[in-house]
Amino acid sequence: PRESPYMTHELPGKSIRAVKFCPYEDVLGISHSNGFSSIVIPGSGEPNFDTFEVNLFENRKQRREKTVRSLLDKLQPEMITLNPDFIGTVDKIQRLPMEHKSQGGHLM
């Protein structure tokens, strides 16, 4: 066990309100009576972050895929059914305007 502090930082005349480490960084944020200070504490950041826990560089598409995947994982396979009358059918109402537009006419 360590007998003395790893590192000390003095803020004379300032009342410390909160301290928090930046995730995966060697930076400690300190909120005090005169504002905010940040100090570097070597070796305090986690060098290898867990990719299953949080993806810091996740874009909108990846976030959406993760949400859909988590919802699908909750769904029981027995709940998924197919309507045999619907499979293989074509929605003719959707095709009519496209055929009509290709002929250059107007719908009435």
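Up top is the structure.
Parameters at a glance
Residues numbered from 1 in each chain as written. Predicted model: local features only at pLDDT ≥ 70, side-chain atom pairs only at ≥ 80, totals over all residues. Heavy atoms only, no water. Pairing = 2+ DSSP bridges. Helix = DSSP H or I, 4+ residues; strand = E, 2+ residues; numbered from the N terminus. Axes fitted to C-alpha atoms, helices over the stretch in contact; angles between N-to-C directions. Expected span 1.5 Å × (residues − 1). Buried < 20%, exposed > 50% of the residue type's maximum accessible area, 1.4 Å probe, protein only. Polar contact = N/O pair within 3.5 Å; in protein donor to acceptor, adjacent residues only side chain to side chain.

## Regarding the sheet that holds strand β3 (residues 35-40)
Here is step 1: Taken in spatial order, the three strands of this open sheet run β1-β2-β3, and their pairing is antiparallel. Two strands in the sheet have a free side with no partner beyond their single neighbour: β1 (16-21) and β3. Neighbour to neighbour, the strand axes of the sheet diverge by 20° on average, direction disregarded.
Here is step 2: Where β1 meets strand β2 (residues 27-32), five bridges bridge the pair, whose relative direction is antiparallel. Counted as the bridge partner of Ile16 is His32 from β2.

## Observations regarding the pairing of β3
Here is step 1: Where β2 lies against β3, six bridges are found, and the strand directions are antiparallel. Across the sheet, Gly29 pairs through a bridge with Ser38, a residue of β3.
Here is step 2: In this antiparallel pair of consecutive strands, β2 and β3, the connection spans two residues.

## A word on helix α1 (residues 60-74)
Here is step 1: In this model α1 runs 22 Å from its N-terminal to its C-terminal C-alpha over 15 residues, within 8% of the 21 Å that 1.5 Å per residue would give.
Here is step 2: For α1, a buried count of zero out of 15 residues is recorded, marking the element as mostly open to its surroundings.
Here is step 3: The opening residue of α1 is Asn59, an N-cap whose side-chain oxygen sits 3.2 Å from the backbone nitrogen of Lys61.

Purely geometric stuff here, so don't read any function into it on its own.
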